[in-house]
Amino acid sequence: MKKLISILIIMIIDFCIINFSYASDSDVSSRLSNEIAKPGDIITLSIDIEKIEDGIAGLQGKISWNESELTYINSNVSNKFSTLNFNDDSKSNAFGSFSVYGNEYVKTGGTVFTVTFKVNSELKKEMPVTIGITQIKAEYQTAGTVNIKDKEIKLSIINETSNEDNSEEKPEVPDDEKKPNINTPEVTNTNNITDNTISNA
């Protein structure tokens, strides 16, 4: 009986180790098309996966951002997967939620889907804009559904108009003020002076 229990414990431990080896937080990553942008620019967020031996059937989660900073444009699924459901209703509590599925388990790394934003033209601040990817769940072939650690990515904003507003134009200096004021001594005209010594000679 004790031997049977020991065997079952070993089998459970092995199963947990196998599942852990197939599921990792680093399996899912994110990146931006530009690390620096200015108001009015278009940027693209890519959700990627690494090469996974077990294979992954899909992802689900939620992307969050400040609508006063970024405006959602569209989302597109890559050819690795067949279906992308993205909630673009800003009035919905599920706004930004996504689910991606394929017809088979994907084992090669690459982009899963992309989301395109526009940096709002009225944005004045020059602080990083944060995009969060939360509630991530990955569906593995062997490990099943696994929770992936939340992620966030930052976009640096450069506001060129604020730099122009802060620059002050220096007043032009009149030409008269530019010339140095030099006092020249008065010169006497020596041609009108009569040499008395010659006339008396």
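Residues numbered from 1 in each chain as written. Predicted model: local features only at pLDDT ≥ 70, side-chain atom pairs only at ≥ 80, totals over all residues. Heavy atoms only, no water.

Engineer: Before we move on, can you summarise the overall build of the protein with the specific residues and values?
Structural biologist: Scanning the protein from terminus to terminus reveals 4 helices and 11 strands. Taken across its 201 residues, the protein has 31% of its residues classed as buried. Here the protein has roughly 14000 Å² of accessible surface; of this, 50% comes from carbon and sulfur atoms. (Helix = DSSP H or I, 4+ residues; strand = E, 2+ residues; numbered from the N terminus. Buried < 20%, exposed > 50% of the residue type's maximum accessible area, 1.4 Å probe, protein only. Areas by Shrake-Rupley, 256 points an atom, 1.4 Å probe, with all protein chains shown as cover.)

Engineer: Give a detailed account of the pairing of strand β4 (residues 56–64), specifying residues and quantitative values.
Structural biologist: Direction of pairing for β4 relative to strand β7 (residues 97–106): antiparallel, over a ladder of 6 bridges. Across the sheet, residue Gly58 finds its bridge partner in β7, namely Tyr101. Across 7 bridges, β4 lies against strand β9 (residues 129–140) in antiparallel orientation. Bridge pairing in β9 places Leu59 opposite Ala138. (Pairing = 2+ DSSP bridges.)

Engineer: Quick rundown of the sheet that holds strand β8 (residues 110–119)? Include the residues and the values.
Structural biologist: Spatially, the 4 strands line up as an open sheet ordered β1-β3-β8-β5, and their pairing is antiparallel. Either end of the sheet is taken by a strand with one partner, and the two such strands are β1 (28–32) and β5 (70–77). Each adjacent strand pair in this sheet contributes to an overall mean axis angle of 20 degrees, direction not counted. Bridging between β5 and β8 involves 7 bridges; their strand directions are antiparallel. When the bridges of β8 are listed, Leu70 appears paired with Val119. (Axes fitted to C-alpha atoms, helices over the stretch in contact; angles between N-to-C directions.)

Engineer: Which residues make up the packing of aromatic side chains, and what values do they have?
Structural biologist: Centre distance and the angle of the planes are the two values used to describe a pair of aromatic rings. Enumeration over the complete set of coordinates arrives at 5 aromatic pairs. Between Phe98 and Phe113, the aromatic rings sit 4.8 Å apart at their centres with planes inclined by 50 degrees, giving tilted as the arrangement. Residue Phe98 is found in strand β7, and its partner Phe113 is found in strand β8; the two are separated by 15 residues along the sequence. Taken together, the aromatic side chains of Trp65, Tyr72, Phe86, Phe95 and Phe117 make up a single cluster linked through ring pairs. (Phe/Tyr/Trp six-rings, centres within 6.5 Å; stacked < 30°, edge-to-face > 60°.)

Engineer: Residues and numbers for the pattern of salt bridges, please.
Structural biologist: Taken as a whole and assessed by the stated rule, the structure comprises 3 salt bridges. Two residues, Asp48 and Arg31, come together in a salt bridge whose shortest N-O distance is 2.6 Å. Taken as a pair, Asp48 in strand β3 (residues 42–49) and Arg31 in strand β1 lie far apart in primary sequence, 17 residues in all. When its relative accessible area of 9% is taken as the criterion, Asp48 is described as buried. (Salt bridge = Lys/Arg side-chain N within 4 Å of Asp/Glu carboxyl O.)

Engineer: So what about the confidence of the model for the protein? Which residues, and what values?
Structural biologist: In this model, the protein carries a mean pLDDT of 79, and residues with pLDDT of at least 70 account for 68%. Contacts of residues 6–22 to residues separated by more than four positions or lying in other chains number 9 contacts, the stretch itself having pLDDT below 50. For the stretch residues 192–201, pLDDT sits under 50, and the model shows 0 contacts to residues farther than four places along the chain or on other chains. (pLDDT = per-residue confidence, 0-100. Contact = heavy atoms within 4.5 Å.)

Engineer: Let's hear about the nonpolar core: which residues, and what values?
Structural biologist: Residues Leu59, Ile63, Phe98, Phe113 and Phe117 are the most contacted members of the largest nonpolar core, which totals 39 residues. Broken down by element, the residue count for this core peaks at 6 residues, all from β9. (Core = buried A, V, L, I, M, F, W, Y, C linked by side-chain atoms within 4.5 Å.)

Engineer: Requested: an account of the environment of Ile49, with residues and values cited.
Structural biologist: Here Ile49 lies in strand β3. Distance in space between the C-alpha atoms of Ile49 and Gly110 is 5.6 Å, their sequence separation being 61 residues. Not counting chain neighbours up to four residues away, the residues in contact with Ile49 comprise Asp27, Val28, Ile56, Leu59, Phe81, Val106, Thr108, Gly109, Gly110 and Val112.

Engineer: Quick one: what's the story with unusual backbone geometry, residue by residue and with numbers?
Structural biologist: Its identity is not glycine, yet Gln135 carries a phi of approximately 55 degrees, on the positive side. Mapped onto the elements of the fold, Gln135 is located in strand β9.

Engineer: Could you give an account of the pairing of β9, naming the residues involved and the relevant values?
Structural biologist: Relative to strand β11 (residues 151–157), β9 is paired through 5 bridges, and the arrangement is antiparallel. For Ile133, the partnering residue across the bridge sits in β11 and is Lys151. Strand direction decides the pairing type here: β9 and strand β10 (residues 144–148), joined by 5 bridges, are antiparallel. When the bridges of β10 are listed, Lys137 appears paired with Asn147. Linking two consecutive strands that pair antiparallel, namely β9 and β10, is a turn of 3 residues.

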